[in-house]
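Reading the structure
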Amino acid sequence: MRPKPPSRVELLRGTLDLLILRTLLPGPSHGHAIAKHIQRTSEDLLQVETGSLYPALYRLEAHGWVAASWDLSEKGKRARYYRITPLGRKQLASEQSKWDAFARAMGLLLKPVV
Amino acid sequence: MTSLFRKFMWWQHRRRKENELREELQFHLSKEADERQADGLTEDQAKWAASRDLGNVTLLQEDTRTLWTWTPLEQLAQDLRYALRMLLRNRAFTAVAALSSRSGSAPTPQSTASWTRSCCARCRFRIRHRSSW
C-alpha cells in the first residue's frame, strides 16, 4: 500500500517567484520540469498548479528576471526553456535574504529559547 | 528593457505570444501524459488525467494574456466605440446634446422630462410593433 501523501501547503504570495528562480539557478528548464522539480524537492509537500506556474513564468519574463527560448526537449519535442538572467540572480538573492529573515523571525516566535 | 516596454513589445506580437503559450501548454500536457503512462495508465487514461491536472486552460490563458494586453485601455476603447455607435444611431439626441452644450444651456428638468417622454413613447411603439410580429 502506498504511503499517504502529506497534506499540501498553500504557497505564500510571492514565494512561487522565489521557488522558480531558485529552480532555474543550476540551468535552463521548461515549465513542466520546473513544476516537477519543486514537487519532488519538497517531498510532494509543495505542488505548483499549472494555472499559477505559467502566468508566473511570463510575469518573471516581463520583469526581465528570466529569459525564454525555444529548444528541443530530451524527446525531440519543441519546448520553451527558461533561464535565469543576471537581474533574476539579483532578485533571487534579495528575496532569499528576506525569506531567511522571515523564517528566522517565525522560528524565534514559535520556538522561543527559554 | 523595462517591463512596460516589454509589455508594449509583447502587445505588438500578441498573436505570436498566444500561439507560443498554446504550444507550451500542449507540451506540458504531453509530458504529463507520458509520465502517467509510464506509471501504468493506458494512453486514454493518461491523457484524461493530464488534462484534468492542467485545469481550465481558457482561464489560464486569460490570466497569462493580462501580461500583454491593456485591459483598462481596451475597455475604454470598447466603451467609446459603443458611445459613438449610439450617438450615430440617435442623431436627433446627438444634435440636441451638441446644440445645448454649444449654447451653454444645461438641459432643464422640463426639457429632460419631455425628451424622456418622447424616447419612451418611441420605445413603446417599437415594442408594440415588434410584439405584433
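A brief structural summary.

What follows deals with unusual backbone geometry. All names here are of chain A. A positive phi angle, near 55°, is found at E43, a position not held by glycine. Relative to the elements of secondary structure, E43 occurs in the loop between α2 (31-41) and α3 (50-63). Positive phi is not limited to glycine here, since D44 has a value of about 70°. With respect to the helices, strands and loops of the structure, D44 is situated in the loop between α2 and α3.

On the chain B side, the residues contacting the 16 residues of chain A number 20 residues. Looking at the side of chain A that touches chain B, the elements with two or more residues in it are α2, α3 and β3 (78-84) of chain A. Per-element tally for the side of chain A that touches chain B: the top contributor is α3 of chain A, with eight residues. Class assignment for the residues of the side of chain A that touches chain B results in five nonpolar, six polar and five charged.

Another point: the nonpolar core. Grouped burial of nonpolar side chains is what soluble globular proteins tend to show. Residues and elements named next belong to chain A. In terms of nonpolar packing, the biggest core is built from 20 residues, with I20, L57 and V66 touching the most fellow members. Those elements giving two or more residues to this core turn out to be α1 (15-23), α2, α3 and β3. In terms of residues, this core owes the most to one element, α3, which gives six residues. Every residue in contact with L57, bar those within four places of it in the chain, is listed here: I20, G31, V66 and Y82.

All names here are of chain A. Where strand β1 (residues 29-30) and β3 come together, two bridges link them in antiparallel fashion. Looking at the pairing, S29 lines up with Y82 of β3. Summarising the sheet, strand β2 (residues 66-72) and β3 pair through seven bridges and their orientation is antiparallel. For A67, the partnering residue across the bridge sits in β3 and is R83. Linking β2 back to β3 in an antiparallel pair, the connection comprises five residues, with G76 at a positive phi of about 80°.

With antiparallel pairing, the three strands of this open sheet are ordered in space as β1-β3-β2 (chain A). Two strands lie at the open edges of the sheet, namely β1 and β2 of chain A, each paired on one side alone.

What counts as what
- Residues numbered from 1 in each chain as written.
- Chains lettered and ligands numbered in written order.
- Predicted model: local features only at pLDDT ≥ 70, side-chain atom pairs only at ≥ 80, totals over all residues.
- Helix = DSSP H or I, 4+ residues; strand = E, 2+ residues; numbered from the N terminus.
- Contact = placed C-beta atoms within 7 Å.
- Nonpolar A, V, L, I, M, F, W, Y, C, P; charged D, E, K, R; others polar.
- Core = buried A, V, L, I, M, F, W, Y, C linked by C-beta atoms within 7 Å.
- Buried ≥ 20, exposed ≤ 12 C-beta atoms within 10 Å, placed from the backbone.
- Pairing = 2+ DSSP bridges.

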